[in-house]
Amino acid sequence: MKVLITDRGRDLRQEARPGIIGAVEVGDSGLEEQKPRRAQPVAGKRISVFGLGYVGAVSLACLARDGHRVTGVDIDAFKLNLIRAGKSPILEAGIQELMHDVVASGRVTVTNDAAQAMRDSDLSFVCVGTPSAANGSQDLTAILRLSEQIGTALASKREFHTVVVRSTIQPGTMEERIEPLLERVSGKKSGVDFGLCFQPEFLREGSSIRDYDQPPYTIIGGNCERAVNVVREVFQHIDARFMVTSVRVAEALKMSCNAFHALKITFANEIGRVSQALGVDSHEVMRLVCEDTHLNISPAYLKPGFAFGGSCLPKDLRALTTIARENNLSLPMLSSLLASNRAHIDHAVDKILKLGRPRVGMLGLSFKTGTDDLRESPLVMVAKRLIGEGCELRIFDPEVHLSRLLGANRSYIDAHIPHLGSLLCEHIHEMIDPSEVVLVGLQQPALDAALQARVRPDQYLIDLVNLPNRDLLRCRYEGACW
Ligand SMILES: NC(=O)c1ccc[n+]([C@@H]2O[C@H](COP(=O)([O-])OP(=O)(O)OC[C@H]3O[C@@H](n4cnc5c(N)ncnc54)[C@H](O)[C@@H]3O)[C@@H](O)[C@H]2O)c1
């Protein structure tokens, strides 16, 4: 059974059908996953590609190479003439030869006439630029202008047409701008008369043909089954998982991937600068950082959740950034981590204060599940702030017993919440029952069951741990950052 998850929460269940290869499984992520298996490209589709820059020119050449008839559209006459002459408008490994071959094959035409290109195709890829505007926001002028032209052309098309946006766009652009615009101008209904999806492009300049053929995965954001299947056919020969998600997730994914890449580069460079200053071999440090595939190069620590804390991360970060300062080095990213962590704690506290309900119960106080270490626990900081704001606090943490806290751990709590003893509850119900807001910072099956059994519809629950089975909670629910 294949399951197509849609952003409206409906499952479009469908049996495997001809033309779709491989078994499909639904993983933890809820995305549709297709086991990779190489197949021949489904050739012979009529495709238009709008915008013939790095993404569009590579797409046009590769689609034509795979046997499709491709019409390229651009407003730049110079680029069109280059392609007509069998030359590539961009410099990329292998693109000149490929462009020459596909143009010679007769499968490529180019035009500045969007309406003609729409008439000559059943599937369009939108690859126009989305550059930065002066204030840093995305300039959507080109893609919105083009959407208007596509909408006009759709109005006079009788056949179903699939529009796939590949330009990088900020989350919400498809549903709030492009889809309504196409519907308004065409007078047609998205998902019925035409299909619309977003397919983030993961190619990198310099290796774009290789990246086109070997993407990390093919992601389609869309809930139009017919359109998704059209895209699936075009990319089915590519040896990569085919995953379907909501349009908004696909839009956010592309921006998140680019942010993550930028973060990785900046991290390695900042570690490089501080290593160099200390006479340490930075390449060896980063090589060994990457050798740890349990905690470093892995999904560990990559789920939205609550702030970090404990006796190591804040202390060692502080030491590293202090070393940098002493060596007159600027490490803006590493130096910003503690401030970002504090902002995350403030975000949770603000959520509680905004509710205007002073009786707050906290489940959990130590810095993570399974320990009674309170040093630099973000939950201690939350408790301290709530007390300062005049909240009436009750705390339950099965691991934390005041009489057993010793040494640095005891001194830390005495310095931050000296009257902790009067706030700690012996049993979870003593914390839940009188509270107007329950803040969950600890996750254990027995505690989850107690929450499910005990919280009431009049109570708010703020979840810092991404509780499983939260649908079973009979209360007003809000996640820390979800
Ligand atoms: N360059 C990359 O490596 C890369 C990778 C992944 C995603 N992206 C994203 O893909 C999109 C395109 O990037 P690019 O680097 O190929 O851009 P680009 O600037 O190289 O090319 C955009 C092309 O669109 C054309 N264009 C503008 N308005 C048009 C219109 N109304 N009709 C037809 N053509 C029009 C321009 O003339 C230009 O040739 C961007 O959103 C970008 O963020 C780029």
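The structure presented is a predicted model; accordingly, all values stated were derived computationally and were not measured. (Residues numbered from 1 in each chain as written. Predicted model: local features only at pLDDT ≥ 70, side-chain atom pairs only at ≥ 80, totals over all residues. Heavy atoms only, no water.)

Okay, the overall build of the chain next. Broken down by element type, the chain carries 16 helices and 17 strands. Seen along its three principal axes, the alpha-carbon backbone of the chain occupies a region of about 85 × 60 × 45 Å. Looking at the chain as a whole, 46% of its 482 residues are labelled buried. For the chain, long-range pairs separated by at least 24 residues make up 66% of all intrachain contacts whose partners lie at least 6 apart in sequence. (Helix = DSSP H or I, 4+ residues; strand = E, 2+ residues; numbered from the N terminus. Buried < 20%, exposed > 50% of the residue type's maximum accessible area, 1.4 Å probe, protein only. Contact = heavy atoms within 4.5 Å.)

It is worth spelling out helix H11 (residues 313–326) at this point. Counted at 1.5 Å a residue, the expected span for H11 with its 14 residues is 20 Å, and the 20 Å between its end C-alpha atoms agrees. Pro 314, Leu 317, Thr 321 and Ala 324 are the residues of H11 that are buried. End-on view of H11: buried residues confined to an arc of 90 degrees, all on one side of the axis. Looking one or two residues beyond H11, the residue adopting positive phi is Asn 328, at roughly 55 degrees. (Expected span 1.5 Å × (residues − 1). Arc of directions from axis to C-beta.)

With that settled, the discussion passes to the pattern of salt bridges. As enumerated under the stated definition, the model contains 21 salt bridges in all. For Asp 350, the salt bridge is made with Arg 385, and the minimal N-O distance between the two is 4.0 Å. With Asp 350 in helix H12 (residues 332–354) and Arg 385 in helix H13 (residues 378–388), this residue pair connects regions lying 35 residues apart in the sequence. Take Asp 350: its relative accessible area is 35%, and that puts it in the partly exposed class. On the accessibility criterion, Arg 385 (28% relative accessible area) is partly exposed. If you follow the salt bridges from partner to partner, you end up with Asp 346, Asp 350, Arg 385 and Glu 389 in one network. (Salt bridge = Lys/Arg side-chain N within 4 Å of Asp/Glu carboxyl O.)

So, on to the site of the ligand. Around the ligand sit 22 residues in total, of which Val 55, Asp 74, Lys 79, Thr 130 and Glu 205 are the nearest. Contact distances for the ligand include 2.8 Å between a nitrogen atom and a side-chain N or O atom of Glu 205. Protein coverage of the free-state accessible area of the ligand, which is 840 Å², stands at 79%. At three residues, the largest contribution of residues to the shell around the ligand is made by helix H5 (residues 141–155). Grouping the amino acids of the shell around the ligand by side-chain chemistry returns 10 nonpolar, seven polar and five charged. (Near = heavy atom within 4 Å. Polar contact = N/O pair within 3.5 Å; in protein donor to acceptor, adjacent residues only side chain to side chain. Areas by Shrake-Rupley, 256 points an atom, 1.4 Å probe, with all protein chains shown as cover. Nonpolar A, V, L, I, M, F, W, Y, C, P; charged D, E, K, R; others polar.)

Where nonpolar side chains cluster on the molecular surface, the patch consists of Phe 260, Leu 263 and Leu 302 and spans about 270 Å² of accessible area. By secondary structure assignment, the location of Leu 263 is in helix H9 (residues 247–277). We classify Leu 263 as partly exposed; its relative accessible area is 41%. (Patch = residues over 30% accessible without salt bridge, like charges linked within 9 Å, V, L, I, M, F, W, Y side chains within 5 Å.)

Attention now moves to unusual backbone geometry. Phi at Glu 376 is positive, roughly 55 degrees, even though this residue is not glycine. Along the chain, the position of Glu 376 falls in the loop between strand E13 (359–363) and H13. A residue is classified by how much of its surface remains accessible, and Glu 376, at 18% relative accessible area, is buried. Even without glycine at this site, Asn 466 takes up a positive phi of about 60 degrees. With respect to the helices and strands, Asn 466 occurs in the loop between strand E16 (460–463) and strand E17 (476–479). Taking relative accessible area as the criterion, Asn 466 reaches 34% and is therefore assigned partly exposed.

Here the focus is the packing of aromatic side chains. According to the stated counting rule, one finds three aromatic pairs in the structure shown. Consider the rings of Phe 202 and Tyr 217, whose centres lie 5.4 Å apart with planes at 65 degrees: the pair is edge-to-face. Separated by 15 residues along the polypeptide, Phe 202 in the loop between strand E10 (194–198) and helix H7 (208–213) and Tyr 217 in the loop between H7 and strand E11 (218–221) bring together distant segments of the chain. Each ring, one from Tyr 212 and one from Phe 235, has its centre 6.1 Å from the other, and the planes form 55 degrees; the classification is tilted. (Phe/Tyr/Trp six-rings, centres within 6.5 Å; stacked < 30°, edge-to-face > 60°.)

Another point: the packing of H11 against H12. Look at H11 against H12: their axes get within 10 Å of each other, and the N-to-C directions meet at 145 degrees. The two elements H11 and H12 cross, and the hand of that crossing is left-handed. Where H11 abuts H12, its residues Pro 314, Leu 317, Arg 318, Leu 320 and Thr 321 lie against Leu 334, Ser 335, Leu 337 and Leu 338. (Axes fitted to C-alpha atoms, helices over the stretch in contact; angles between N-to-C directions. Left-handed = near helix turned anticlockwise from the far one by under 90°.)

With that settled, consider the pairing of E11. Of the two faces of E11, the one holding Thr 218 and Ile 220 and the one holding Ile 219 and Gly 221 are both buried throughout. One ladder, built from four bridges, connects E11 with strand E12 (residues 242–245); its direction is parallel. In the sheet register, Thr 218 faces E12, and the bridge partner there is Phe 242. As for the winding sense of the linkage, the β-α-β connection from E11 through helix H8 (residues 225–235) to E12 is right-handed. (Pairing = 2+ DSSP bridges. Right-handed = clockwise from strand over helix to strand, strands pointing away.)

Along the chain, the position of Phe 367 falls in the loop between E13 and H13. Not counting chain neighbours up to four residues away, the residues in contact with Phe 367 comprise Gly 309, Gly 310, Asp 373, Arg 375, Ser 377 and Pro 378.

Another point: the environment of Asp 113. Following the sequence through the fold, Asp 113 ends up in the loop between strand E7 (108–111) and helix H4 (114–119). Residue Asp 113 is classed as partly exposed on the basis of its relative accessible area, which comes to 31%. For Asp 113, the side chain forms a polar contact with the main-chain nitrogen of Gln 116, separated by 3.1 Å.

For the pair H9 and helix H10 (residues 282–291), interaxial distance at closest approach is 9 Å and the crossing angle is 135 degrees. Our classification of the angle between H9 and H10 gives oblique. For H9 against H10, the interelement crossing comes out right-handed. Residues Phe 267, Ala 268, Ile 271, Gly 272 and Ser 275 of H9 form the contact with H10, whose own contacting residues are Ser 282, Val 285 and Met 286. (Parallel < 35°, antiparallel > 145°, perpendicular 65-115°, else oblique.)

Turning our eyes to something else, we now look at the confidence of the model for the chain. A residue-level look at the chain finds 92% of positions with pLDDT of 70 or above and a mean pLDDT of 91. Across residues 1–30 the pLDDT falls below 50, and counting only partners more than four positions away or on other chains, this stretch makes 69 contacts in the model. (pLDDT = per-residue confidence, 0-100.)

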